[in-house]
Amino acid sequence: MFVDREEELKALNEKLDSNNFEFIVIYGRRRIGKTKLALKSVENREHIYYLAVEGDNLKHFKRYASKVEPTIEYAKEDWEAYFNFLKDKIIIIDEFPNLIKENPNVLSLFQRIVDIHLKNTKTKLIILGSSISMMGEKVLSYKSPLYGRKTGVLKIKPLKFKHLKEFFPKAIWEELVEIYGFADGIPYYLEKVKLPFWDYLDKEIKRVDSFLRYEVDFLMKYEFEEPTTYKKILEAIAFGNHTLGEIKNYLGFKHSDLTPYLKNLIEVEFIERQTPITESVKSKKGRYYIKDNFIAFYFRYIFPNLSAIEEGIFDIEEIKADYNQYLGFVFEKVAKEFLIELNKMNKLPFKFLKIGRWWHRGEEIDLIALNDNDKKALFVEVKWKDLKDRDVKKIYRDLYRKSKLVGLDDYEKYYAIVGKKIESKENGDCLLFDLEDFS
Ligand SMILES: Nc1ncnc2c1ncn2[C@@H]1O[C@H](COP(=O)(O)OP(=O)(O)OP(=O)(O)O)[C@@H](O)[C@H]1O
Ligand SMILES: [Mg+2]
């Protein structure tokens, strides 16, 4: 099964069809589908695929490459010599950071190879890496010897919520939201889940060898040397502490300065900093959110219960009892994606150019979609609940009240509610959507 990645494949195929040298960098979090994507793009093309390992890469690479280009057997054991034998070929090097770890000089070596040997050939060199910090600093940064050599960069993102349907054609949307709260759009986790979701999760947590227990440690190992404080911060955010003050409070001691930790977590994309949609990104009102649902799930349900899980006394009912509240956050992300889809298809009263959360003092609006040129605003409340008519009326009244606080006085205002299930979708005041509209 291969789901989506249409845009990525299009971009890759264009590069692979070109008559020039191409040096493409593909990166993204572990498990996101980099290898599968790269291999899909070369499915019907002759290529050399090499997965870099901890050591002896020159020797291993030669063995793989010789299957496609037997003459490479005669090459001296160094990268420069190898590439002389591989001109005009498609060469994929997966987990490139392993090459850098084995020999930091490969960066300048590859620079030299590109500049002297490959630049005027039709060679296609594709490198992949999952350590975001390493790929950022050693390959993509302007300080890297490889800076300016790449002809394309693809950062691989999770699949969209709507794509979960392809993994689970039989599941209803409600169950898909539950799964999304666990696996996000990360194919490796989606492949693990079986229906019904709660039976799967119960079994998975009870397994002595469950991937849930070590996965996040494994992810963190790629980015941080000393993860303890990072983990506490992630736990704090997973439990709904989003401001710097709240996070500090949760950690429970006067921590010198969390800013560098937060900065690093943002850099490797475990978290993101959001500001109210009506303010600039420099706004002091920044709040921190965990970027993917899998990590949020882990720090909310697994990490705090590791001992109980280890002892076999953890009861899945604990997760179930809290899950709807957790899904409140998850559903906001789903609703945002849904509105972006509607926007693309021109199915909203106006075309918005940005969308995001808003807050000020104690007030908060889940989503505001804006077109500042035409001065139009759509205010959206997202509710992971079954809504009766009277709930809808109440939510609308409150949303209307809050919309006056945002300071968009001269904007034309529209309102919407996205709920899990809405009793009757007839309402003159605002747009109403629920899971039924997702199909
Ligand atoms: N587009 C997709 N559709 C369906 N399954 C996918 C897709 N992409 C990846 N997968 C599956 O998800 C799993 C992880 O994918 P893959 O190994 O390509 O990820 P990766 O980013 O290379 O991970 P790592 O960093 O751990 O090497 C694989 O089992 C793969 O088959
Ligand atoms: Mg891979």
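Quick caveat, the model's predicted, so the values are computed rather than measured.

The rules behind these values
Residues numbered from 1 in each chain as written. Chains lettered and ligands numbered in written order. Predicted model: local features only at pLDDT ≥ 70, side-chain atom pairs only at ≥ 80, totals over all residues. Heavy atoms only, no water. Axes fitted to C-alpha atoms, helices over the stretch in contact; angles between N-to-C directions. Helix = DSSP H or I, 4+ residues; strand = E, 2+ residues; numbered from the N terminus. Parallel < 35°, antiparallel > 145°, perpendicular 65-115°, else oblique. Contact = heavy atoms within 4.5 Å. Nonpolar A, V, L, I, M, F, W, Y, C, P; charged D, E, K, R; others polar. Buried < 20%, exposed > 50% of the residue type's maximum accessible area, 1.4 Å probe, protein only. Pairing = 2+ DSSP bridges. Expected span 1.5 Å × (residues − 1). Arc of directions from axis to C-beta. Near = heavy atom within 4 Å. Polar contact = N/O pair within 3.5 Å; in protein donor to acceptor, adjacent residues only side chain to side chain. Areas by Shrake-Rupley, 256 points an atom, 1.4 Å probe, with all protein chains shown as cover. Domains from an automatic or database assignment. Phe/Tyr/Trp six-rings, centres within 6.5 Å; stacked < 30°, edge-to-face > 60°. Lys NZ or Arg CZ within 6 Å of the ring centre and 35° of its normal. UniProt positions renumbered as here; feature names shortened; annotations may be inferred. Core = buried A, V, L, I, M, F, W, Y, C linked by side-chain atoms within 4.5 Å. Salt bridge = Lys/Arg side-chain N within 4 Å of Asp/Glu carboxyl O.

## Some words on the packing of helix α13 (residues 228–238) against helix α15 (residues 259–267)
Interaxial distance between α13 and α15 falls to 10 Å at its minimum, and their mutual angle equals 80 degrees. Considered as vectors, α13 and α15 are oriented roughly perpendicular to each other. The segment α13 lies against α15, with Thr-229, Tyr-230, Ile-233 and Leu-234 engaging Tyr-261, Leu-262, Asn-264 and Leu-265. A class-by-class count of the residues in the contact of α13 with α15 yields 6 nonpolar, 2 polar and no charged.

## Comments concerning the pairing of strand β5 (residues 152–155)
Remember that side chains alternate between the two faces of the sheet whenever the strand is regular. Side chains of β5 alternate between two faces, with Gly-152 and Leu-154 buried and Val-153 and Lys-155 left unburied. As paired strands, strand β1 (residues 22–27) and β5 are joined by 4 bridges and run parallel to one another. Bridge assignment links Tyr-27 to a residue of β5, and that residue is Lys-155.

## Observations regarding helix α6 (residues 106–118)
It helps to recall that an α-helix has 3.6 residues per turn; residues three or four apart then point in one direction. Taking 1.5 Å of rise per residue, the 13 residues of α6 would be expected to cover 18 Å, yet its terminal C-alpha atoms sit only 15 Å apart, more than 12% below that figure. Inspection of α6 places Val-106, Leu-107, Phe-110, Ile-113, Val-114, His-117 and Leu-118 among the buried residues, and these make up the whole buried set. The buried residues of α6 occupy one face: seen down the axis, they fall within an arc of 140 degrees. Against the buried residues of α6 lie α4 (79–85), β3 (90–94), α5 (96–102), β4 (124–129) and α7 (132–140).

## Topic: the site of ligand 1
Among the 17 residues in the neighbourhood of ligand 1, the closest are listed as Arg-30, Lys-34, Thr-35, Lys-36 and Glu-191. For ligand 1, an oxygen atom lies 2.6 Å from a polar atom in the side chain of Glu-191. Relative to its unbound accessible surface of 620 Å², ligand 1 loses 86% to contact with the protein. Taken together, the residues of the shell around ligand 1 sort by class into 7 nonpolar, 3 polar and 7 charged. Shared between two domains, the shell around ligand 1 takes at least three residues from each, and those domains are domain 1 (6–155) and domain 2 (162–328).

## Things to note about the packing of aromatic side chains
Using the criterion set out here, one finds 48 aromatic pairs in the structure. Their ring planes at 45 degrees and their centres at 6.1 Å tell us that Tyr-396 and Tyr-400 sit as a pair that is tilted. With Tyr-396 and Tyr-400 both in helix α19 (residues 389–403) and 4 residues apart, this pair spans about one turn of that helix. Taken together, Phe-182, Tyr-188, Tyr-189, Phe-197, Trp-198, Tyr-200, Phe-211, Phe-294, Phe-297, Tyr-301, Tyr-323 and Tyr-326 form an aromatic cluster joined through their ring pairs. The ring of Trp-173 carries Lys-165 above its face, with NZ or CZ at 5.0 Å from the centroid. Between Arg-287 and the ring centre of Trp-359, over which it is positioned, the NZ or CZ distance is 4.1 Å.

## Points about the packing of α13 against helix α16 (residues 293–302)
For the pair α13 and α16, interaxial distance at closest approach is 8 Å and the crossing angle is 90 degrees. The pairing of α13 with α16 is recorded here as roughly perpendicular in orientation. Contact residues: Lys-231, Leu-234, Glu-235 and Ala-238 in α13; Ala-296, Phe-299 and Arg-300 in α16. Of the residues belonging to the contact of α13 with α16, the class tally is 4 nonpolar, no polar and 3 charged.

## Comments concerning the UniProt feature "binding site: ATP" in the protein chain
Within this numbering scheme, the UniProt entry marks Gly-28, Arg-29, Arg-30, Arg-31, Ile-32, Gly-33, Lys-34 and Thr-35 as carrying the feature "binding site: ATP". Contact partners of Gly-28, with chain neighbours within four places excluded, come to Lys-34, Gly-129, Ser-130, Ile-132 and Ile-156. Note on placement: Arg-29 falls in the loop between β1 and α2 (34–41). The class for Arg-29 is buried, based on a relative accessible area of 13%. Beyond its immediate sequence surroundings of up to four residues, Arg-29 is in contact with Lys-34, Ser-130, Ile-132, Ile-186, Tyr-189, Leu-219, Asp-292, Phe-294 and Ile-295.

## Quick notes on the nonpolar core
Formed by 99 residues in total, the largest nonpolar core has its most connected members in Phe-182, Leu-201, Ile-319 and Tyr-323. Counting residues per element, this core draws most heavily on helix α18 (residues 317–344), at 11 residues. Sequence-distant contacts of Phe-182, defined by excluding residues within four places in its chain, comprise Val-193, Phe-197, Tyr-200, Leu-201, Phe-211, Leu-212, Asn-293, Phe-294, Phe-297 and Tyr-323. Of all hydrophobic cores here, the second largest spans 35 residues; its members include Phe-61, Ala-65, Ile-91 and Leu-107.

## Comments concerning the pattern of salt bridges
The tally for this structure, following the rule as stated, stands at 38 salt bridges. The partner of Lys-320 in a salt bridge is Glu-317, with the nearest N and O atoms 3.7 Å apart. With Lys-320 and Glu-317 both in helix α18 and 3 residues apart, this pair spans about one turn of that helix. Exposure remark for Glu-317: the relative accessible area of 43% places this residue in the partly exposed category. Between Lys-383 and Glu-381 there is a salt bridge whose closest N-O contact spans 3.6 Å. Each of Glu-363, Glu-381, Lys-383, Asp-398, Arg-401 and Lys-402 takes part in salt bridges that share partners, so that together they form one network.

## Points about unusual backbone geometry
Backbone torsion omega between Leu-195 and Pro-196 reads -10 degrees, so that peptide bond is classified as cis. For Asp-56, which is not a glycine, the phi torsion comes out positive at approximately 60 degrees. For Asp-56, the position within the fold is in the loop between β2 (48–51) and α3 (57–68). On the basis of relative accessibility, which here comes to 45%, the residue Asp-56 falls in the partly exposed class. Positive phi values are uncommon outside glycine, yet Asp-184 reaches one of about 50 degrees. Tracing the sequence through the fold places Asp-184 in the loop between α9 (173–183) and α10 (187–192).

## Thoughts on the environment of His-360
Tracing the backbone shows His-360 in strand β8 (residues 354–360). For His-360, a relative accessible area of 31% gives the class partly exposed. A sequence separation of 84 residues divides His-360 from Pro-276, and the C-alpha atoms of the two residues are 8.0 Å apart.

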